[in-house]
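Secondary and tertiary structure notes
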Amino acid sequence: MTEKDNSIQNNKPTSFWQHTVVTLLVVIVVIFGGVFIKQQYESKNHLTQSNFNSIELSQSEGDSLDDVTELFGKDPSAVTKVQKKGVVTQVAAWQNVVDASQDSKIFIYFDDGHAVSKTIKGLKRDRTTKITRKDFDELKSGMKKGDVARKIGTPNDYTYDERFYGVSSEQWTYTGIDENGKSVGVMTLSFRNGNLAGKTQNNLK
């Protein structure tokens with residue numbers, strides 16, 4: 001074997017480890033780069049449940065569309081206007097809530113410039129147990145919101161409504177997901193002043 005052949009043979013292990021190290025570095029850069037990009041996106045996206053919860057609803061003192069736009073840090077994806085019985089209602093929609101499903105949305109209703117109703121849809125929930133028809137049947141009229149949440153968990157969708165003076169209306173919607181990621185079973189609960197006032201379900205087993 002010539003000196004040249006020996007040199008080529010001795011360089012093979014070094015070359016292998018060099019390629020391995022380079023590959024690992026590329027993988028690390030891709031992973032941490034993705035995490036950094038996600039963090040940067042979320043830090044700029046203020047479309048969060050926390051901000052949604054902070055929106056004030058009131059016929060006379062509710063937040064304005066400008067207030068909500070500033071809170072979320074972005075213009076709504078759509079705004080529609082309806083006039084009924086002399087009241088002008090604007091409905092503003094935002095898409096892509098942080099830490100929610102891809103089709104997540106927020107809708108805010110404004111009567112004569114004041115926020116009076118708000119809905120957030122598509123929140124992710126990791127449920128440890130499946131919601132059943134039995135759970136639904138055991139929910140009784142008059143139950144407190146906290147008791148309902150402790151029994152079956154928090155919902156995927158919330159709606160708050162202050163369009164009627166003196167009455168606080170709230171609606172919770174639960175969506176079940178099977179092992180294939182398919183939506184199965186929907187339950188909607190209505191509350192008045194913090195107490196369960198009505199319930200409907202579809203396809204719960």
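Bear in mind that the values here come from a model prediction, so they are computed numbers and not experimental data.

Given 3.6 residues per turn, any residue in an α-helix points the same way as the ones three and four places further on. Within the sequence span of helix 3 (residues 65-72), burial applies to Leu65, Val68, Thr69 and Phe72. Take helix 3 and look down its axis: the buried residues cluster within an arc of 100°, on one side only. Of the exposed residues in helix 3, those oriented more than 90 degrees away from the buried face are Asp66 and Glu70. Those residues of helix 3 that are buried are in contact with helix 2 (49-54), strand 2 (87-95) and strand 3 (100-111). One or two residues past the end of helix 3 sits glycine 73, with phi positive at roughly 75°.

Judged by how many residues are buried, strand 4 (residues 114-123) sits mostly within the fold: eight of 10 residues are covered. Connecting the antiparallel pair strand 3 and strand 4 is a turn made up of two residues, with aspartate 112 showing a positive phi of about 50°. Pairing geometry for strand 4 and strand 5 (residues 157-164), over four bridges, is antiparallel. Across the sheet, serine 117 pairs through a bridge with aspartate 161, a residue of strand 5.

What follows concerns the nonpolar core. Formed by 31 residues in total, the largest nonpolar core has its most connected members in Trp94, Ile106, Ile108, Val148, Met187 and Leu189. Contributions of two or more residues to this core are made by helix 3, strand 2, strand 3, strand 4, helix 5 (145-152), strand 6 (167-177) and strand 7 (183-192). The dominant element in this core, judged by the number of residues it contributes, is strand 3, at four residues. When neighbours within four sequence positions are excluded, isoleucine 108 is seen to be in contact with Phe52, Ile55, Val68, Gln90, Val91, Ala92, Trp94, Ala115, Ser117 and Lys118.

What counts, and at which threshold
Residues numbered from 1 in each chain as written. Predicted model: local features only at pLDDT ≥ 70, side-chain atom pairs only at ≥ 80, totals over all residues. Heavy atoms only, no water. Buried < 20%, exposed > 50% of the residue type's maximum accessible area, 1.4 Å probe, protein only. Helix = DSSP H or I, 4+ residues; strand = E, 2+ residues; numbered from the N terminus. Arc of directions from axis to C-beta. Contact = heavy atoms within 4.5 Å. Pairing = 2+ DSSP bridges. Core = buried A, V, L, I, M, F, W, Y, C linked by side-chain atoms within 4.5 Å.

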